[in-house]
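Overview (structure and organization)
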Amino acid sequence: MTPYSLAFYVHAVTTGTVLGLGPDGSPDEVASVLGTDFAENDFGRAMCRDYGLAEFHYHRARARDPWSGHHFSLQVHRLARRDRTLPGEVLRARYGRFAPRLRFEKLERLLRRRGVPLVEIPEYPGNAPYYRTFWQPGSRTAVSFIAVHGEYSTPGALRVGDVYKIQTPVTAQEVELRRAKVR
């Protein structure tokens, strides 16, 4: 993994942005930065634009309303497929080669050195015990990684300790709801 791609992940977790794009950006704003090479799934009031590594999700109240940014995720697990189109042309041009795996321990250590703490939050029941999730309160960003390998529950190309995805925003309210479920 190049130091540049590590810098990409550290910046994304620290700021909750991708190349300056927050989770609330419009489809046009995201396309102006990441380009028009994306797959789109439109479900009427929800839409996802998939740029390879990055997915941006949008919602709207009615079909005639404009799209409003809801969240984005970095689907790090996809890199293990060794698909040459990942992570996407714009990110590859900016950050170089991305390794097929990102070790949580390495990312967490780099963040800690920069004074960016991660706090473990309870996992959703359907994902436990296979995944663990850590949250960065300042950027409202969550990092999920493989905790236990499960034949049908985790990607076979990933190892225990590999990051599965990074997502933002994960609000303090959502974190509290997760905590309340395990009390």
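Quick note: structure is the one above.
Residues numbered from 1 in each chain as written. Predicted model: local features only at pLDDT ≥ 70, side-chain atom pairs only at ≥ 80, totals over all residues. Heavy atoms only, no water.

Concerning the overall build of the chain
The line we're drawing: Strands here are runs of E lasting at least two residues and helices are runs of H or I lasting at least four, both read from the DSSP assignment and numbered beginning at the N terminus. Computation of the radius of gyration draws on C-alpha atoms, with the globule rule given as 2.2 Å multiplied by the number of residues to the power 0.38. The rule is simple: take the accessible area with a 1.4 Å probe, protein chains only, and divide by the maximum for that residue type; under 20% is buried, over 50% is exposed, in between is partly exposed. The contact rule is simple, with two residues in contact once any of their heavy atoms fall within 4.5 Å. A positive count includes Lys and Arg, and a negative count includes Asp and Glu. His and the chain ends are not counted in either. Charge positions come from single atoms, namely NZ of Lys, CZ of Arg, CG of Asp or CD of Glu.
Looking only at helices and strands, one finds five helices and eight strands in the chain. Along the chain direction, N to C, the helices and strands of the chain fall in the order α-α-β-β-β-β-α-α-β-β-β-β-α. Computed over the C-alpha atoms, the radius of gyration of the chain is 16 Å, within 12% of the 16 Å expected from 2.2 N^0.38 for a compact globule of 183 residues. C-alpha atoms of the chain, sized along the principal axes, occupy 40 × 40 × 35 Å. Looking at the 183 residues of the chain, the share that counts as buried comes to 50%. The long-range fraction of contacts in the chain, counting pairs at least 24 apart against all pairs at least 6 apart in sequence, stands at 49%. Positive and negative side-chain charges in the chain, numbering 27 and 19 respectively, have mean positions lying 5 Å apart.

Considering the pairing of strand β2 (residues 46-50)
Our working rule: In this analysis, strands are considered paired if DSSP registers two or more bridges between them.
Within β2, four of the five residues are buried, which leaves it mostly tucked inside the rest of the structure. Summarising the sheet, strand β1 (residues 39-42) and β2 pair through four bridges and their orientation is antiparallel. Opposite E40, over in β2, you have R49 as the bridge partner. Pairing between β2 and strand β3 (residues 54-59): five bridges, direction antiparallel.

A word on the packing of helix α1 (residues 3-15) against helix α4 (residues 104-113)
Worth spelling out the cut-off: Axis definition: a line fitted to C-alpha atoms, limited for helices to the stretch in contact. Angles are taken between N-to-C directions and run from 0 to 180 degrees. It is the rotation of the near helix from the far one that decides the hand of a crossing: anticlockwise by less than a right angle makes it left-handed, clockwise makes it right-handed.
Contact geometry of α1 with α4 gives a least axis separation of 10 Å together with a crossing angle of 65°. In this structure, the crossing between α1 and α4 has a hand that is right-handed. In contact with L6, Y9, V10, V13 and T14 of α1, α4 contributes K106, L107, L110 and L111.

Observations concerning the sheet that holds strand β6 (residues 131-136)
Spatially, eight strands are ordered β1-β2-β3-β4-β8-β7-β6-β5 in an open sheet, and the strand pairing comes out antiparallel. Both outer strands of the open sheet, β1 and β5 (119-121), are each paired with one neighbouring strand and no more. Direction aside, the axes of adjacent strands within the sheet are offset by 20° on average. Across six bridges, the pairing between β6 and strand β7 (residues 141-146) is antiparallel. Paired with Q136 across the two strands is T141, which belongs to β7. Set on the sheet, α1 makes contact with β4 (68-74), β6, β7 and β8 (163-168); between it and β7 the angle comes to about 130°. Relative to β7, α4 is tilted by about 150°, and along the sheet it contacts β6, β7 and β8.

Some details on the packing of aromatic side chains
Put simply, the test is: Note on ring pairs: Phe, Tyr and Trp rings are taken, using the six-membered ring of Trp, and paired if centres are within 6.5 Å. Classes follow the plane angle, with under 30 degrees stacked, over 60 edge-to-face and the rest tilted. Either the NZ atom of lysine or the CZ atom of arginine qualifies as a charge over a ring when it sits within 6 Å of the ring centre and within 35 degrees of the ring normal.
For the coordinates displayed, the defined rule picks out eleven aromatic pairs. A centroid spacing of 5.3 Å and a plane angle of 55° characterise the contact between F38 and Y51, whose relative ring orientation is tilted. You can see F38 sitting in the loop between α2 (27-34) and β1 and its partner Y51 sitting in the loop between β2 and β3, a full 13 residues away along the chain. Given the relative accessible area of 24%, F38 is considered partly exposed. The exposure class of Y51 is buried, given its relative accessible area of 8%. Pairing Y131 with Y164 gives two aromatic rings, centres 5.1 Å apart and planes at 65°, and the pair type is edge-to-face. Placement of Y131 in strand β6 and of Y164 in strand β8 is noted, with a sequence separation of 33 residues between them. In textbook terms, an aromatic cluster arises when at least three aromatic residues are bridged by ring pairs, as seen for F8, Y9, Y95 and F98. One residue, R60, lies across the ring of W67, its end atom 3.8 Å from the ring centre.

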